[in-house]
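Geometric and topological summary
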Amino acid sequence: MRTWGPLTAVCLGTFMLLLDVTIAVVALPDMARGLDASLSDLQWVMDGYALALAALLLGLGAAADVLGRRRVHVAGVVLFAAASLLCGLATGPGMLVAARGLQGVGAAAMFATTLPLLGSVYQGRRRSMALGVWGAVSGAAAAVGPVLGGLLTDGPGWRWIFWVNLPVSVAAVWLTLRVVPESRGARGRRVDWAGTAAFAAFAGALTYGAVRAGSHGWTEAGTLVSFGLAVVALAAFVAVERRVADPLLDPGLFLRPAFSGVMLGALAFNAAAFGVMAYTSIWLQTLLGMSPVRGGLVFVWLSLASFVVAAAGGRLLHGVPARFTIGGGLLLVAAGQYAMAFLDSSSGASELVPGLLLVGVGTGLVSPGIAGAALAAVPAERAGMAGGAVNTFRQLGYALGIAVFGTVLTSRMTDTLPHDAAHGLAGGAASALEGVFGEHALRAAFASGLNAAAVTAGTVAAVGGVLVLVLVRAGRTGPGTRGGGPRGTRRGTGAGGPVPAVSAPYGFGGDYATESRATLEQVSDPSPCERIFSR
């Protein structure tokens, strides 16, 4: 129990929070029918979770350093479980969206403390082993999510995709309190609550504006006000971060081309690789008539390709500059999205497979190294801050991707369908519309919308890939790069640094399992990742 207990406790929480992103994708059509939810409601079911996670990850990580990481972690699990219960009991879309937001808050508390807790328990070879196991659990959640979601939705119903978290949460809390010791950051730290609030306002207003644009238009007054508030909140965040003693994210880091390139790549990666999945799932089930299980199995091609490439790449690509693996991976994601942009009214799920494989290969190249590239782009004392930032940008990218690509999808549909019909179709109401427009017209409209969304996603990935190749150049360029400086001297967030995630829209960082032997065991010259753990 002393050896494996802490790792088991942390992995239980990790598995749940990663699972709850993909597990919901295949249940969206059933949620729409059961709760009479609109397209924007479904978007917020996905975005509420990712947005809360992105907005609060940095702040809760810093708070955990002050209040105690185990305490914050357990509080996160309890909140996550309570929110999961509310999700399953939801009587309307508003209640479900609110509960998903609470889930995201709990997940942020869990995720921000995961790796610091492991780092406080394991050292040397055991730490390397813990990282490897943790990465494998992350990859398993990626592959299991869509299938388990399909099985539960097909069986007892979509509410059970949330209720399944309850017994796991109880076990995670009991085990964490029993075997995981409390740990804190350096004394004298202060939590940047003003910065946390400003960043949350920025992320929320920006995402709300993108979702609202899908139903009201980009130039509508409410949409413009939302974007305006996002600009004001961002300016406030920058102003706060330049003045506080312990900033969540030092704005000066963005003056480094490599750091800016990695952040833009992280934003583009999660948006482009996973932002269209929710709409593809709705198309598979409502237009092609697939069950949730069969619809979930379609995405396994992406997960398996990513898992294999990430595992093999750790050895075959050792020493290759990060800008090539990340930039090249993003270009492969772009190619995969472009390959899925040729659907028509007669297309089936098999036509997605080549594109999903390409996206999976690209994901397997990007995910293991992107957090390492962020750490390599900053001074050693900013390692924790860089790790938290890249995770935050990935989640924000996912939330924005769902919002923007949904807007693109419905805008293209309105070329052949009325506005309300297009939004109803995208929201899973195909059966109700067939008597008015006919199955062929609906399938053609949805295929056209998916094509436009895929092209947009591909362009986002291509631009991100080029920016990474151009900006992430000289200097410390690899995930295994070690920096100087004493331990425990960093300022910034306790967000947990890089996280081993193999193939997920929830991919919260890079996979250090593949290079942990080369870096984490060299305690005489600690790596940036080691510094985060030993914070």
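A quick note: this is a predicted structure, and the numbers were derived from the prediction, not measured.

A closer look at the confidence of the model for the protein
When pLDDT is averaged along the protein, the result is 83; 85% of the residues meet or exceed 70. Taken element by element, the predicted model of the protein shows its lowest mean pLDDT in helix 21 (residues 516-519) (31) and its highest in helix 20 (residues 439-471) (96). Note that pLDDT drops below 50 for residues 475-535; the model gives that stretch 217 contacts with residues more than four away or on any other chain.

Quick word on the nonpolar core
If you look at the biggest cluster of nonpolar residues, it comprises 134 residues, and the most contacted ones within it are Met31, Leu96, Phe259, Leu425 and Phe446. Of the residues forming this core, the biggest block, 15 residues, is contributed by helix 17 (residues 383-413). Those residues in contact with Leu96 that lie beyond four places of it in its chain are Met31, Leu35, Val45, Cys87, Ala90, Trp158 and Phe162. Counting residues in hydrophobic clusters, the runner-up holds 14 residues, among them Leu115, Leu118, Trp134 and Leu175.

Focus on the pattern of salt bridges
The final tally for this structure, using the stated rule, is 6 salt bridges. The closest approach of N and O atoms between Asp20 and Arg100, which form a salt bridge, is 3.9 Å. Linking Asp20 in helix 1 (residues 5-25) with Arg100 in helix 5 (residues 93-121), this pair joins segments that are 80 residues apart in sequence. Of the two residues, Asp20 and Arg100, neither departs from the other in class, the shared state being buried. When the shortest N-O distance is used, the salt bridge between Asp415 and Arg412 registers 3.6 Å. We classify Asp415 as exposed; its relative accessible area is 58%. In this structure Arg412 comes out as partly exposed when scored by relative accessible area, which is 36%.

Some details on unusual backbone geometry
Located in the positive-phi region is Asp36, a residue other than glycine, with phi close to 55°. By secondary structure assignment, the location of Asp36 is in the loop between helix 2 (28-35) and helix 3 (39-67).

Things to note about helix 9 (residues 193-216)
For helix 9, which comprises 24 residues, the first-to-last C-alpha distance of 33 Å matches the rise-based estimate of 34 Å (1.5 Å per residue) to within 8%. Looking one or two places after helix 9, you find Gly217, whose phi comes out positive at around 100°.

With respect to the environment of Ala373
Structurally, Ala373 is set in helix 16 (residues 353-376). Owing to a relative accessible area of 3%, Ala373 belongs among the buried residues under this scheme. For the pair Ala373 and Val262, spaced 111 residues apart in sequence, the C-alpha separation works out to 6.8 Å. Residues contacting Ala373, with those up to four places away along its chain left out, are Val262, Ala322 and Ile326.

Cut-offs applied
- Residues numbered from 1 in each chain as written.
- Predicted model: local features only at pLDDT ≥ 70, side-chain atom pairs only at ≥ 80, totals over all residues.
- Heavy atoms only, no water.
- pLDDT = per-residue confidence, 0-100.
- Helix = DSSP H or I, 4+ residues; strand = E, 2+ residues; numbered from the N terminus.
- Contact = heavy atoms within 4.5 Å.
- Core = buried A, V, L, I, M, F, W, Y, C linked by side-chain atoms within 4.5 Å.
- Buried < 20%, exposed > 50% of the residue type's maximum accessible area, 1.4 Å probe, protein only.
- Salt bridge = Lys/Arg side-chain N within 4 Å of Asp/Glu carboxyl O.
- Expected span 1.5 Å × (residues − 1).

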